[in-house]
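What follows is each chain in one-letter form.
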Amino acid sequence: MKRGTTIYLYELAWILPSVAIPLGMLVALLVTAFGAHIHLPGMVGRVNPAKLDSTPPFDHPGVVRLAPGRYEVHLVGRTWSFDPNEIHVPAGSEVTFVATSADVVHGLFIPRVHANVMLLPGQIARVTARFDDPGNYLFLCHEYCGILHHTMSGQIVVEEKPNTSTGAN
């Protein structure tokens, strides 16, 4: 092999990855944005974070029963706390969390049911989870929100379904 050819191969070994890597990243970005429908939040579903205490449904945070086995939780993340921080639902429930932040970026993460959403100030986020097994489910903030971030958590208490059968002996 000639000396000039060897230098050309070394240059090619550096040029190809330096073009292929950014091109691969651009393709991944386009597939994510358009194929998986992941994009920036728009103006739809926004509320004024300074007026959450007077804006429905966040003026009364808590659990709302929509139908048998279906619930909606209106939740607000505030500096180092969730409102409400304890939620009670029966086992077998499908719960949709309608949540936002009142101040800074927070997160809502429920590990055992794989629910994970970022709470942006004033942006309404929705995530649905199913709670089949009775017990306590921890939810916590997974976005650093200040010095007491580690204290920002709550729990979902999933209670046994009441026995509705009334058989006489």
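So, how was this worked out
Here the residue numbers are simple positions, counted from 1 along each chain's written sequence. Under the rules for a predicted model, residues below a pLDDT of 70 receive no local features and side-chain atom pairs below 80 are neither given nor counted, while totals for whole chains, interfaces and linings still include all residues. Each side-chain value is derived from all of the structure's non-hydrogen atoms; neither hydrogens nor water enter the calculation. We count a stretch as a helix when DSSP gives it H or I for four or more residues in a row; a strand needs E for two or more, and each element gets its number in order from the N terminus. Accessible area is worked out with a 1.4 Å probe on protein chains only. A residue is then buried under 20% of its type maximum, exposed over 50%, and partly exposed in between. Throughout, a contact is declared for two residues whenever any of their heavy atoms are within 4.5 Å. We call two N or O atoms a polar contact when they sit within 3.5 Å, provided that within protein one can donate a hydrogen and the other can accept it, with sequence-adjacent residues counted only if both atoms are side-chain atoms. Here the rule is simple: two strands pair whenever DSSP picks up at least two bridges between them.

Asker: Explanation requested: the environment of Arg-130 in the structure shown.
Answerer: With respect to the element layout, Arg-130 can be found in strand S8 (residues 125-131). Look at Arg-130 and you get partly exposed, because its relative accessible area is 44%. The sequence separation of Arg-130 and Ala-91 amounts to 39 residues, and the corresponding C-alpha distance is 8.9 Å. Here Arg-130 is in contact with Gly-92, Ser-93, Glu-94 and Val-113, once residues within four sequence places are set aside. A polar atom in the side chain of Arg-130 sits 3.1 Å from the backbone oxygen of Gly-92. A polar atom in the side chain of Arg-130 sits 3.0 Å from the side chain of Asp-132.

Asker: Which parts of the structure should I look at to understand the side chain of Gln-123?
Answerer: Following the sequence through the fold, Gln-123 ends up in the loop between strand S7 (115-119) and S8. Of note is the side chain of Gln-123, whose polar atom sits 3.4 Å from the side chain of Arg-46.

Asker: Hey, could you run me through the pairing of strand S1 (residues 62-67) in this one?
Answerer: As paired elements, S1 and strand S2 (residues 70-78) share five bridges and run antiparallel to each other. Bridge pairing links Val-64 to Glu-72 in S2. The antiparallel pairing of S1 with S2 creates a hairpin that spans two residues between the two strands, and Gly-69 there sits at a positive phi of about 80 degrees.

Asker: It is not clear to me how the side chain of Glu-72 should be interpreted in this structure. Could you clarify?
Answerer: Relative to the elements of secondary structure, Glu-72 occurs in strand S2. Given a relative accessible area of 18%, Glu-72 falls into the buried group. Reaching out from Glu-72, the side chain makes a polar contact with the side chain of His-74 at a distance of 2.7 Å. Those residues in contact with Glu-72, other than ones at most four positions away along the chain, are Gly-62, Val-63, Val-64, Leu-66, Thr-96, Val-98 and Arg-126.

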